Amino acid sequence: MASTSDIPSGRQTIDIATVQKSLRRKLAKIKAKITSRLGQFRVRESDSGPSVSAQSARVAVIVPVFNSMPYLKELLDSLRAQDMDPDLFEVIAVDDGSTDGGGKLLDAYATQMPNMRVIHQRNSGWPGQPRNVGIDASRSDYVFFCDSDDLMGPEALRRMVDFADAHEVDVLAPKLVGIGGRRVAAKLFASTLVDAPLRTITGTLSPQKMIRRKLLEEHGIRFPEGKVRLEDGMMLTRCYLASIRNSILADYDYYFIRTRQVGSNISSGRVEPEGYTESVATIARILKEGRLEPAVADQLVLDLYRRKALRFYVPARFRAMSSERQRRWVTAHAQFVRDHIPAALEAELSFPFLQRSRLIRNEDVAGLLQLATSEELVKAVCRATPLNADELELRFILEPAADFESVRLLAQDRGTKTACSFLLRQDGPEFILDDPAQKFEQLENVVADLFVQLEINGLQGPLRRVEAPAAGTPLEFDGTRIYATVNGNLSIDRRH
């Protein structure tokens, strides 16, 4: 038998890491079983019991409810209007101690919907626990998590189940549509993806997903309970990593997600920097402990950091914070950077995230405030003044005006994306390209779009399209045609 010293240290480390991951998975399963068993003893004030479709349902719609009036009625109406056979879906609504009459409304709908189950319980203070109650109460092939102030398209459940059955999907992200001013990542739902890459699917960590219940049971996955920010992100990240197939379904408006104008949801309230950042760190650890190549895990953590941390430094948002909260966010995020974002990984960020992150690393609050101002200025609108064939120059104005260190005009080949750069001369409020005929000669047989790039306080901004003037286009001189595009931007045509 080989002694421990005979085992290569690298192999030994890998084996230990593998054993640790296996133990964590086993512990997660045990924890989920205990949570499920404890669910039988949760303090429930009343339970209408399994619905008539409890045994035949293909999907259970799990709805945590807390003070969501008047929107709750709209959701329930949208569930009652589903074109799926009621025997094939069940609604499990968990009233988490509502005080606005929502509990009575649920009971009234349950008398009209035989496939609806209502559980009333004392307030838990957060969505994770009532969602787990719903999971434990379900027996269907799939579960779908729905918030009590949203809506579902009438064909949503049938379409989702049919798609998941046809493609053996474990986690399905249906197309979301924002209502009430809610913004959604429209690009994420631009097209259906049967096999959605991890980097794509992890772009949505909100709970509105349909998940194969067997996946949750086999891997011991439940929502964290208690007042834990991003508890849905933690749960979904575990699902994505355990899943064989994650899909995005974008062929229909499945789910209408709302920004509330009145009322308060279960997890509403002031976000505390330390707790929120620790939740982001927990998701990062889940990604790193998954069965992923280290480089893949690092990229997912970087994406997470950009979406969930660096968004707090959007200029208007950061400047609106008190100085104390600014400091607390920077301190919390600086610790996250030290733990999870090495400098080489950070360097992969683009503007303005790279600049923000470097200042966070140094806990430079003053620098972040200056960056916030500079970020807005380097995105100034650039507009060409009316063109004149008699002038041997092009003139531009910037709004808002500022003391820019440099202003460059770039003519970018529409095909190859290569660009020629020209430094503009300032003349009062205007910026001038002298002798454009001579400068554009180097552009041969191409159509090029005009961009401007600004620099201020040492910060070089992104390329910004130049807006066409109100008059004077198209204009032709010396083999160059300057014209306005259908979107009102300025381009040149050098084709002969």
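Our structure is the block above this text.
None of these values were measured; they are calculated from a predicted model. The numbers attached to residues start from 1 for each chain and follow its sequence in the written order. Under the rules for a predicted model, residues below a pLDDT of 70 receive no local features and side-chain atom pairs below 80 are neither given nor counted, while totals for whole chains, interfaces and linings still include all residues. Think of the side-chain values as coming from all heavy atoms in the structure, minus any hydrogens and water.

Draft legend 1. Structural view of the pattern of salt bridges. By definition, a salt bridge exists where a carboxyl oxygen of Asp or Glu is found within 4 Å of a side-chain nitrogen of Lys or Arg. Under the counting rule described, the total for this entry stands at 39 salt bridges. For Arg 222, the salt bridge goes to Asp 136, with nearest N and O atoms at 3.1 Å. Placement of Arg 222 in the loop between α7 (213-218) and α8 (231-242) and of Asp 136 in helix α4 (residues 128-137) is noted, with a sequence separation of 86 residues between them. In this pair, the class of Arg 222 matches that of Asp 136, namely buried. What emerges from the salt-bridge pattern is a single network uniting Asp 83, Glu 155, Arg 158, Arg 159 and Asp 251. A run of DSSP states H or I qualifies as a helix once it reaches four residues; a run of E qualifies as a strand once it reaches two. Both are numbered from the N-terminal end. Remark: exposure states derive from per-residue accessible area (1.4 Å probe, protein chains only) relative to the maximum for the residue type, with buried under 20%, exposed over 50%, and partly exposed in between.

Draft legend 2. Spotlight on the nonpolar core. Take the buried Ala, Val, Leu, Ile, Met, Phe, Trp, Tyr and Cys residues and link them wherever side-chain atoms come within 4.5 Å; each set so joined is a nonpolar core. If you look at the biggest cluster of nonpolar residues, it comprises 135 residues, and the most contacted ones within it are Ile 211, Tyr 305, Phe 396 and Phe 404. No other element matches helix α9 (residues 273-289), which puts seven residues into this core. With near-sequence residues (within four places) excluded, Tyr 305 lies in contact with Leu 310, Phe 336, Val 337, Ile 341, Leu 349, Ser 357 and Ile 360. It only takes one pair of heavy atoms within 4.5 Å for two residues to be counted as in contact.

Draft legend 3. Main features of the packing of aromatic side chains. Any pair of Phe, Tyr and Trp rings, taking the six-membered ring for Trp, is counted once the centres come within 6.5 Å. Such a pair is stacked with planes under 30 degrees apart, edge-to-face with planes over 60 apart, and tilted for the rest. Applying the stated criterion across every chain yields a total of nine aromatic pairs. Both rings, one in Tyr 276 and one in Phe 312, keep their centres 5.4 Å apart while their planes meet at 80°; by these two values the pair is edge-to-face. Taken together, the residues Tyr 276 in helix α9 and Phe 312 in the loop between α10 (294-308) and α11 (315-320) connect sequence positions 36 residues apart. Phe 312 sits in the buried class, given a relative accessible area of 2%. When the ring of Tyr 305 is compared with that of Phe 336, the centres are 5.7 Å apart and the planes differ by 20°; the resulting orientation is stacked. Of this pair, Tyr 305 sits in helix α10 while Phe 336 is found in helix α12 (residues 323-340), placing the two residues 31 residues apart along the sequence. Exposure remark for Tyr 305: the relative accessible area of 0% places this residue in the buried category.

Draft legend 4. Representation of unusual backbone geometry in the model. Of note, the amide linkage connecting Met 69 to Pro 70 takes the cis form, showing an omega dihedral of 5°. For Pro 70, the position within the fold is in the loop between β2 (59-65) and α2 (71-80). The residue after Phe 351, namely Pro 352, is reached through a cis peptide bond having omega 0°. With respect to the helices and strands, the residue Pro 352 is situated in the loop between α13 (343-346) and α14 (353-361). Backbone geometry at Asn 67 places phi at a positive 45°, although glycine is not the residue there. Relative to the elements of secondary structure, Asn 67 occurs in the loop between β2 and α2. What makes Asn 67 buried here is its relative accessible area of 13%. Not every positive phi belongs to a glycine, and Lys 417 is a case in point at roughly 70°. Mapped onto the elements, Lys 417 comes out in the loop between β14 (406-413) and β15 (419-423).

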